[in-house]
Each structure stands twice: as structure tokens, then as C-alpha cells.
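Structural description and commentary
In case you want the letters, here they are:
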Amino acid sequence: MTAGHFRQYRKLLFDKRAELARTGAGKESSLRQEAVRHADFLDQSVHGIEESVQVRLRQTDHRLLKAIDAALYRVDRGTFGICGVCAEPIPAPRLNAVPWARLCRDCKELQDAGAPRPGSFPHDFPEWTG
Ligand SMILES: [Zn+2]
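Rules behind the numbers
Numbering of residues starts from 1 in each chain and follows the order in which that chain's sequence is written. Note on the predicted model: pLDDT of at least 70 is required for a residue's local features to be given, and 80 or more for side-chain atom pairs to be given and counted; whole-chain, interface and lining totals, by contrast, use all residues. Helical segments are the DSSP runs of H or I of at least four residues, strand segments are the runs of E of at least two, and each set is numbered from the N terminus. The exposure label follows from counting other C-beta atoms within 10 Å of a residue's C-beta, where the C-beta atoms are placed from the backbone and the thresholds are 20 or more for buried and 12 or fewer for exposed, leaving partly exposed in between. Contact definition: two residues whose C-beta atoms, as placed from backbone geometry, lie within 7 Å. Nonpolar cores are built from buried Ala, Val, Leu, Ile, Met, Phe, Trp, Tyr and Cys residues. These are joined into a set through C-beta atoms within 7 Å.

Looking only at helices and strands, the protein features five helices and zero strands. Reading the helices (α) and strands (β) of the protein from amino to carboxyl end gives α-α-α-α-α. A total of 130 residues make up the protein; the buried ones form 10% of that total. Sequence separation of 24 or more characterises 52% of the internal contacts of the protein that already satisfy a separation of 6 or more.

Encoded structure:
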């Protein structure tokens with residue numbers, strides 16, 4: 001990955017971060033306006049559901065923001081685009097689709113499946129000791 005690539009991904013991440021801040025805030029205020037406008041017609045339970053949806057949206061946005069910040073940090077450190085588990089370069093198509101990805105696709109799938117990481121198998125496992 002060249003300095004040009006780093007600049008390109010930094011811009012992608014900054015743009016996504018700005019977009020998230022914009023739409024995140026917009027979503028929240030329009031929901032709040034809706035709630036205010038319909039307050040007289042909503043019973044308390046509907047109100048509760050709407051609030052929990054809002055909280056969930058905020059949490060998702062927040063997680064994504066943190067992931068983007070972490071990716072920007074890796075750009076500054078020069079470790080951007082390197083898988084956090086196997087230390088192999090993350091393929092460009094994946095980075096273009098998910099610029100804040102921390103793991104390559106294989107490691108991500110292993111992590112999602114809850115599989116143990118390479119090297120964490122017990123050494124006395126028969127098939128490994130022969
Ligand atoms: Zn990996």
C-alpha cells in the first residue's frame with residue numbers, strides 16, 4: 001500500500017464519518033419531531049418502542065464511528081489494511097467496500113463463527129502431534 005492509497009482511504013473514512021454524523025443527527029431529530037407531533041395520539045407503550053429504536057440506531061452509528069476512528073488511527077500508524085489476526089494484507093475490494101475493516105474476510109468469518117484463532121489449539125491434540 002502506497003502513501004497515495006493511505007490518502008485515498010483516509011478520505012473515504014473521513015467522508016463516511018461526516019456522512020454518518022450528518023444522517024445520524026438528521027434521523028434522530030426527525031424521529032424526535034415525529035414523537036412530539038404524535039405525542040397526543042400515542043400511548044405510552046408505542047412511545048417506548050420508538051425510543052428503543054432510536055437508542056438502537058444510536059448504538060449502531062456509535063459502533064461504526066468507533067470502527068472508523070480506529071481505522072483512521074491505523075492509517076496514521078501505517079498499519080491500515082493489515083489483518084489484525086493473520087497480519088496479511090486485506091484485499092483492496094474488501095477495503096473499498098468496508099474501509100474500516102480490521103480483519104481479512106477469512107479471519108472475520110472465523111471470528112463470526114466463534115472458531116478458535118490459529119495457534120490456540122492445544123499442543124497435545126493427537127492430530128497435531130502425530
Ligand atoms: Zn486475516
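Here we come to the nonpolar core. Generally speaking, soluble globular proteins have nonpolar side chains that are buried together. Counting eleven residues, the largest nonpolar core consists of Tyr-9, Leu-13, Ala-71, Val-75, Phe-80, Ile-90, Leu-95, Trp-100, Ala-101, Cys-104 and Cys-107. Contributing elements (two or more residues each) for this core: α1 (3-37) and α2 (44-77). The contact partners of Cys-104, leaving out residues within four places of it in the chain, are Cys-83, Cys-86, Glu-88 and Ile-90.

On to the environment of Leu-65. Mapping Leu-65 onto the fold places it in helix α2. You can call Leu-65 partly exposed: it has 16 C-beta atoms within 10 Å. For the pair Leu-65 and Ala-18, spaced 47 residues apart in the sequence, the C-alpha separation amounts to 9.7 Å. In this structure Leu-65 touches Arg-17 and Leu-20, once residues within four positions along its chain are discounted.

A negative phi angle is the norm for most residues apart from glycine, just as the trans form is the norm for most peptide bonds. Even without being a glycine, Ala-87 presents a positive backbone phi close to 65 degrees. By the secondary structure assignment, Ala-87 is in the loop between α2 and α3 (92-97). You can call Ala-87 exposed: it has 10 C-beta atoms within 10 Å.

With that out of the way, let us pick up the environment of Met-1. Secondary-structure assignment places Met-1 in the segment before α1. Here Met-1 falls in the partly exposed class, since 16 other C-beta atoms lie within 10 Å of it. Considering only alpha carbons, one finds Met-1 and Thr-79, 78 residues apart in sequence, at a separation of 9.8 Å. Not counting residues within four places of it along the chain, the set of residues in contact with Met-1 comprises Phe-6 and Gly-81.

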